[in-house]
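Residue strings, one per chain:
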Amino acid sequence: MTVLRSSLDSLFYPQSVAVFGASAEPGSVGNILMRNLLENPFGGVVFPINPKRRAVQGVHCYPNLAAVPEKVELAVIATPAATVPGVVRDCVAHGVAAAVIISAGFAELGTEGRKLEDEVRSLARGKMRIVGPNCLGIIHPPSNLNASFAASMAAPGNVALLSQSGAICTAILDWARQAHIGFSSFVSVGSMLDVDFADLIDYFAEDATTRSIVLYMESIGKVRKFLSAARSASRAKHVIVVKAGRHEAGARAAASHTGALAGADAVYDAAFRRAGVLRVETIPDLFHMSEILAMQPPPRGAGLAILTNAGGPGVMAADALMLAGGQLASLTPETLARLDAALPPFWSHANPIDLLGDATPERYRLAVEVCAKDVTVQGILVLLTPQAMTDPTATARQLQSFAHLADKPVLACWMGGASVREGIDLLNTAGIPTFEAPESAIRAFLHMVQYRRNQELLYETPAALPEDVTPDTQRVQQIFAQARAAGRTLLTEVEAKQVLAAYGAPVVPTVACRTVEEAVAAAKKIGYPVVLKVLSSTLTHKSDVGGVQLNLADEPAVRAAYAVIESNVRQLGKQDAFEGVSVQAMIQERGYELIIGSSVDRQFGPVILFGWGGVLVEVFKDRALGLPPLNRTLARRLMERTKIYEALQGVRGQKAVPLDALETLLARFSQLLVDFPEIQEVDLNPVLATPERVVVLDARLLLCPADRPPEQCPRLAIPPYPNQYIAPFRLRDGREVLIRPIRPEDEALIIALHASHSEHTIRMRFFSMVKTLSRDSLIRLCHLDYDREMALAAVLQERDGPRLLGVARYYLQPETGVAEFALVVSDAYQRQGLGRHLMQRLIAIARERGVRRLVGQVLAENTPMLHLLHSLGFAPPVLVDNQVMRVELDLTDRS
């Protein structure tokens, strides 16, 4: 039984390298590649390949790969693009494990280049890993490998840099050398024909020498694969990205408000946020934030205390903080009293805390000590200007003891030149990041705030949705089928509201009326006052065509409104679009008009929008974007990123709106998008939120074109909850349990299951006594990425609520296709056939999802588990040590 190496190891730890296009011509790419490989011995052999040369830089040159006397592990290809497919074919034939294609002239040049790329991809698929083409190459300091045409070797360090631009790579390498920044790896990914960001993120997430993974990105590649890898890696390492191309040349024409507001760059922001990735603006910020996050903990909130010995820098820092959306910490009365006791009478008595120009090192220390104890202070920025009475070095020594406060970062800004240099060095050495300007420190603090918020999205446990509504998917399918049969993709308002109602959304009852008499009858039944809106299967925005008449108090008003709407539509030359009116009650309650919507991004699939709605929605542009699926926690975080959210919580004597109802509406709206990928665009605008209720007043829904079946619509960027694996199972004693995948909401059930285990069961599962599960363990057990993890729980519904009886799970290493599994069943429910059933289901799912092997470790004394696994087809166990057996099931063997 062997453990698979990563296929990427050959790129970073090769035993032999062949250079195709090796050259003796000074300054040529082939010449620089040879020089870099030879000047930086990596413990392997270099074979230059060039049929026109006998030797290159004193090394014997071979005419082709067949002439090389040893097996080549890594090929570095720097020949014209047209020759590359032939080189790759030769490499595959000779068993070369990996290649770096330096050559340009592929997809970046158009159709012919794309054909070459496709040919190379087809030749190498499943046989050889490729970085590039059109890249600078790879530099890997831990193995001393420089397979690039960069001007110099990178210094060793803890940062893995992945860049899509070779030119940016060379600039970063030059800048990093001057800034004394080192790398655990330096990869120019080029066009990502094969190896992409996701592959490399997965690889360096497991690399012990890598602390941070930083990316310069122009395009994301395979979205779902990237987000899965980034989400997994960011739980253990800092993943930081600069994404170029914030502004597109032109906005996409969109039929809906949501489409117009959901710009591509904002979707990237939403995706990075959901994956726990920090996005920064500049290349220096990539490395600064990598260092800062390694030095200081991210803050629990945005409240910053600013300490200064000069008013001007304090004001500059406060301005920068507030303009960028941060907040000054509101110091508690206790903190103010302590500062009064510690500081001269003329201190500022507010935040920023002006310690005055004669501030001594001791005064700085006392002020920081007081702020560190204030619960409203989530971060501390210490500013110093070198005044006559100031001792920058001694002050820095006093602050060193505050370098490691729990969950409360301390940053410093020592302004000046030579006189503050020693103090800056002392602070940086102690682990307090120090900046030259207040604005730089503020930007770093707010990046830390954003990083913490992004991380929290990975960890927060959502409240369960109310179970009073079961989506009526059959009704939705029927409505969509009726529209398709009529040759329509745009649903009427009435149909759109019926779809929403099928998912439990609170909508205003609306009646479709084809004649004025029908409208009068509907108004009488609903009760005055009412609203009339144009009924049309082609008109997108009713207000734009004069198709809305409000507050109609009686029958004459309804008749007049009907005539006005019909006339307005006809005057626009769209008489065929008029199909009657819809009638609904006029809502008299005062509240906030909101918008909830979705449009389909060509890369990320469905995107959800929440914000300030009404007819001026595109004027105010107060909105936030998120990716489905949403749970209640994610829905709340989406709302919090809008300005209107502050008003929704209640302001100036106004009561708060029911935010839990908005959370539920967003979560159910998200589920609708998950269940029906054929939905192209949706607008719920306005959604009225009052202190008493939330209700959808208007809705619009557009389906994908009829010639595009649901399976061809862009899929979700984040895998949804796999409902297809929910199924009942009957225990031997006759009781029925539900087998379903684990959800984040199950944390409390997992805790209860663990508490029910005997010491023997805990030792069989964890190999030691684990009395309680840590927060990190619960996150790992309940917050799953269903593309690479699966956990099946057996749930028994009891009178006092659900109970977990057992769990079977696996975690997949995507690059190797090997998944590690585990199984545990509560003592009271063992010998009921449950463990066998859970494992059978888990094996079936793993096989369906392309897992190659299931592996696990079992204590040698756990004979019941070993017998079970043998009966399920596992290979004979192999002894790892005196107590532990390794077990394995080959899922590719269908015999």
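Preceding this paragraph is the structure being described.
Owing to the predicted nature of the structure, the values given are computational and were not obtained by experimental measurement. Residue indices follow the written sequence of each chain, beginning from 1 at its first position. Local features in a predicted model are, by the rule used here, given only for residues with pLDDT of at least 70; side-chain atom pairs are given and counted only at 80 or more, and totals for whole chains, interfaces and linings are based on all residues. Computation of side-chain values: all heavy atoms of the structure, hydrogens and water removed.

Trainee: Got a minute to help me understand the overall build of the protein chain in this structure?
Mentor: Labels follow the DSSP assignment, with helices taken as runs of H or I lasting at least four residues and strands as runs of E lasting at least two, numbered in each case from the N terminus. Each helix and strand counted, the protein chain has 29 helices and 38 strands in total. The globule rule used here is 2.2 Å times the number of residues to the 0.38 power, and the radius of gyration it is set against is calculated over C-alpha atoms. The C-alpha radius of gyration computed for the protein chain amounts to 32 Å, which stays within 12% of the reference 29 Å derived for 895 residues, consistent with globular compactness. Summarising its shape, the C-alpha atoms of the protein chain cover approximately 100 × 85 × 65 Å along the three principal directions. Looking at the 895 residues of the protein chain, the share that counts as buried comes to 55%. Only heavy atoms enter the contact rule, under which two residues are in contact if any of them lie within 4.5 Å. Within the protein chain, counting contacts between residues at least 6 apart in sequence, those at least 24 apart form 71% of the total. Each accessible area is a Shrake-Rupley result for a 1.4 Å probe, and residues are judged covered by the shown protein chains and nothing else. Within the structure as shown, the protein chain displays about 37800 Å² of accessible surface, and the carbon and sulfur contribution to it stands at 52%. A positive count includes Lys and Arg, and a negative count includes Asp and Glu. His and the chain ends are not counted in either. Lysine's charge is taken at NZ, arginine's at CZ, aspartate's at CG and glutamate's at CD. Each charge class in the protein chain was averaged separately, 89 positive and 92 negative side chains, and the resulting centres sit 3 Å apart. Only protein chains enter the accessibility calculation, which uses a 1.4 Å probe; a residue is then buried when its area is under 20% of its type maximum, exposed when over 50%, and partly exposed in between.

Trainee: Any chance you could explain a nonpolar patch on the surface here in plain terms?
Mentor: Surface patches are defined over residues having more than 30% relative accessible area and no salt bridge, joining like charges when they lie within 9 Å and nonpolar side chains (Val, Leu, Ile, Met, Phe, Trp, Tyr) when within 5 Å. The salt bridge criterion pairs a side-chain nitrogen of Lys or Arg with a carboxyl oxygen of Asp or Glu, the two atoms within 4 Å. Together, Trp612, Val615, Leu616, Val619 and Phe620 make up an exposed nonpolar region whose accessible area comes to about 500 Å². Topologically, Phe620 is positioned in helix α21 (residues 617–620). Residue classification places Phe620 among the partly exposed residues on the basis of a relative accessible area of 42%.

Trainee: What is the right way to look at the environment of Ala585 in this model?
Mentor: Among the secondary structure elements, Ala585 is positioned in strand β24 (residues 581–585). Contacts of Ala585, omitting those with residues within four sequence positions, involve Val508, Pro509, Ile526, Pro529, Val530 and Val531.

Trainee: Sorry if this is basic, but what is going on with the sheet that holds strand β1 (residues 16–20) here?
Mentor: To summarise the sheet geometry, strands pair through backbone hydrogen bonds and adopt either a parallel or an antiparallel arrangement. Strand order in the open sheet formed by five strands is β2-β1-β5-β6-β7, and the pairing between neighbours is parallel. In the strand order of this sheet, the two ends are held by β2 (45–49) and β7 (129–131), each with one partner. Strand after strand, the sheet turns through a mean of 20° between neighbouring axes, direction not considered. Structural elements are reduced to axes, namely lines fitted to C-alpha atoms, with helices fitted over the stretch in contact, and the angle between N-to-C directions of any two is expressed from 0 to 180 degrees. Across the sheet, helix α3 (residues 84–93) touches β1, β5 (74–77) and β6 (98–101), and the angle it forms with β5 is around 170°. By this definition, two strands are paired if DSSP reports at least two bridges between them.

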